[in-house]
Amino acid sequence: MTRLLKFEAVNAYYGRAHVLHDVSLHVEAGERVALVGRNGVGKTTVVNTILNLASLRGGTMQFNGRAQQGLRTYTAARAGIAVVPQGRRIIANLTIEENLLLGGAVKRPGPWNLASIYELFPILRERAHTPGTALSGGQQQMLAIGRAMMANPSLLVLDEPSEGLAPVIVDQLAVIFNRLADAGTALLLIEQNLSLITRVARRLYVMAKGSIIEEGALEGLDIEQLHKHIVV
Ligand SMILES: Nc1ncnc2c1ncn2[C@@H]1O[C@H](COP(=O)(O)OP(=O)(O)OP(=O)(O)O)[C@@H](O)[C@H]1O
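Residues numbered from 1 in each chain as written. Predicted model: local features only at pLDDT ≥ 70, side-chain atom pairs only at ≥ 80, totals over all residues.

- In the nomenclature of an unreviewed UniProt entry, the protein chain corresponds to ATP-binding cassette domain-containing protein from the organism Aromatoleum toluolicum.
- Quoted verbatim from the Sequence similarities (unreviewed entry) heading of the UniProt record, the comment on the protein chain is "Belongs to the ABC transporter superfamily." (UniProt positions renumbered as here; feature names shortened; annotations may be inferred.)

Here it is, written out as structure tokens:
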């Protein structure tokens, strides 16, 4: 198996604030991995370390077997990591289609393009020429996912995609994530929604206070125990 992402004893900081402590984790090609933990434990900082928004000062980060000192969003996408950020960050003065085309700017080869994204999310085709921010929260999340997929990533990192969404929309996200993974994209799903985690992930990491405190297969996991690590 190809190891897409590997953190080994990563320590990451914002200025002098030491947030990640010896974090080791990995995602293989095609894997469905969840990263869970309460608010403020450092989950987003894992994403920020990948994108060089938090500084890596100890340990190593590798992508596709190559050491990385932190990638910018564009270079990360070129290397095959696309991020759906927390809060979606739809660009307000661009239309839905323009937001999607922005995601495709890296032009990696693969099955995802405007036509296949519109097939996955018909609502985006219907509203293609309206501003991205005219969409509902769930539709904006779909746009953020579509925009990330336009880069044909080998790894899709999703930062709390269910946040603020109705359960019926979360159900739809579970179906979509499984479809993307079935088509070969590895997922790193940062989440607190147990129902989404259990429907999508096969393996998970639990974080507390900037460290990984548990790792294992989802199958056979004590869900009650997991719940304790997630509830605020
Ligand atoms: N830009 C920043 N500068 C300084 N400290 C930060 C910054 N961003 C986050 N932190 C701190 O780093 C810690 C981890 O935050 P992080 O956002 O990674 O947590 P999280 O697990 O993703 O939580 P949430 O679910 O609330 O987003 C928190 O204590 C937070 O206050």
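Points about the site of the ligand
Alright, step 1. Inspection of the region around the ligand gives Tyr14, Ala17, Val19, Gly37, Asn39, Gly40, Val41, Gly42, Lys43, Thr44, Thr45 and Gln86 as its neighbouring residues.
Alright, step 2. Mapped by element, the contributors of at least two residues to the shell around the ligand are strand E2 (17-28) and helix H1 (43-50).
Alright, step 3. Per-element tally for the shell around the ligand: the top contributor is H1, with three residues.
Alright, step 4. Classifying every residue of the shell around the ligand gives four nonpolar, seven polar and one charged. (Near = placed C-beta within 6 Å. Helix = DSSP H or I, 4+ residues; strand = E, 2+ residues; numbered from the N terminus. Nonpolar A, V, L, I, M, F, W, Y, C, P; charged D, E, K, R; others polar.)

Regarding helix H3 (residues 96-103)
Alright, step 1. Taken together, the buried positions of H3 are occupied by Ile96, Asn99, Leu100 and Gly103. Mapping the buried residues of H3 onto a view down its axis gives an arc of 100°, with all of them on the same face.
Alright, step 2. Looking at the packing, one finds that the buried side of H3 touches helix H4 (114-120), helix H5 (122-126) and helix H6 (137-149). (Buried ≥ 20, exposed ≤ 12 C-beta atoms within 10 Å, placed from the backbone. Arc of directions from axis to C-beta. Contact = placed C-beta atoms within 7 Å.)

Focus: helix H7 (residues 167-182)
Alright, step 1. Its 16 residues place the ends of H7 23 Å apart at the C-alpha level, agreeing with the 22 Å of an ideal helix rising 1.5 Å per residue.
Alright, step 2. Listed as buried for H7 are Leu173, Phe177 and Leu180. An end-on view of H7 places all buried positions within 60° of arc, on one side of the element. Facing away from the buried side of H7 by over 90 degrees, the exposed positions are Pro167, Val168, Val175, Arg179 and Asp182.
Alright, step 3. Directly beyond the C-terminal end of H7, a positive phi value near 110° is found at Gly184. (Expected span 1.5 Å × (residues − 1).)

Details of the confidence of the model for the protein chain
As a note on interpretation, predicted positions should not be read in detail where pLDDT is low.
Alright, step 1. The share of residues in the protein chain with pLDDT of 70 or more is 98%, and the mean pLDDT across the chain is 90.
Alright, step 2. Interface confidence in the predicted complex, given as ipTM, is 0.94; pTM for the same model is 0.93. (pLDDT = per-residue confidence, 0-100.)

Topic: the packing of H3 against H6
Alright, step 1. It is at 6 Å that the axes of H3 and H6 come closest, and there the two elements cross at 35°. Viewed along their axes, H3 and H6 form a crossing whose handedness is right-handed. Note on element contacts: H6 touches H3 through Leu143, Gly146, Arg147 and Ala148, opposite Ile96, Asn99, Leu100, Leu102 and Gly103.
Alright, step 2. Looking at the contact of H3 with H6 residue by residue, the classes come out as five nonpolar, three polar and one charged. (Axes fitted to C-alpha atoms, helices over the stretch in contact; angles between N-to-C directions. Left-handed = near helix turned anticlockwise from the far one by under 90°.)

Some details on the nonpolar core
Alright, step 1. Grouped together as the largest cluster of nonpolar side chains are 64 residues, with contacts concentrated most on Ile81 and Leu189.
Alright, step 2. Counting residues per element, this core draws most heavily on H6, at six residues.
Alright, step 3. When residues no more than four places from it in sequence are discounted, the contact partners of Leu189 are Val33, Ala34, Leu158, Phe177, Ile197, Val200 and Ala201. (Core = buried A, V, L, I, M, F, W, Y, C linked by C-beta atoms within 7 Å.)

Regarding the pairing of strand E5 (residues 60-63)
Regular strands place their side chains on alternate faces of the sheet.
Alright, step 1. The alternating pattern of E5 places Met61 and Phe63 on a buried face and Thr60 and Gln62 on a face that is not buried.
Alright, step 2. As paired elements, strand E1 (residues 3-14) and E5 share four bridges and run antiparallel to each other. If you follow Lys6 over to E5, its bridge partner there is Gln62.
Alright, step 3. Where E5 meets strand E6 (residues 66-68), three bridges bridge the pair, whose relative direction is antiparallel. Opposite Phe63, over in E6, you have Arg66 as the bridge partner. (Pairing = 2+ DSSP bridges.)

Considerations on the sheet that holds strand E8 (residues 155-159)
Alright, step 1. If you trace the six strands from one edge of the open sheet to the other, you get E7-E8-E9-E3-E10-E11, paired in mixed fashion. Two strands lie at the open edges of the sheet, namely strand E7 (81-84) and strand E11 (211-217), each paired on one side alone. Each strand axis lies, on average, 15° off the axis of its neighbour in the sheet, ignoring direction.
Alright, step 2. Two strands pair when backbone bridges link them, and strand E10 (residues 203-208) and E11 are joined in this way by six bridges, in the antiparallel orientation. Considered in E11, the bridge of Val206 is made with Glu214.
Alright, step 3. Strands E7 and E8 of the sheet are contacted by H6, whose axis makes an angle of about 170° with E7.

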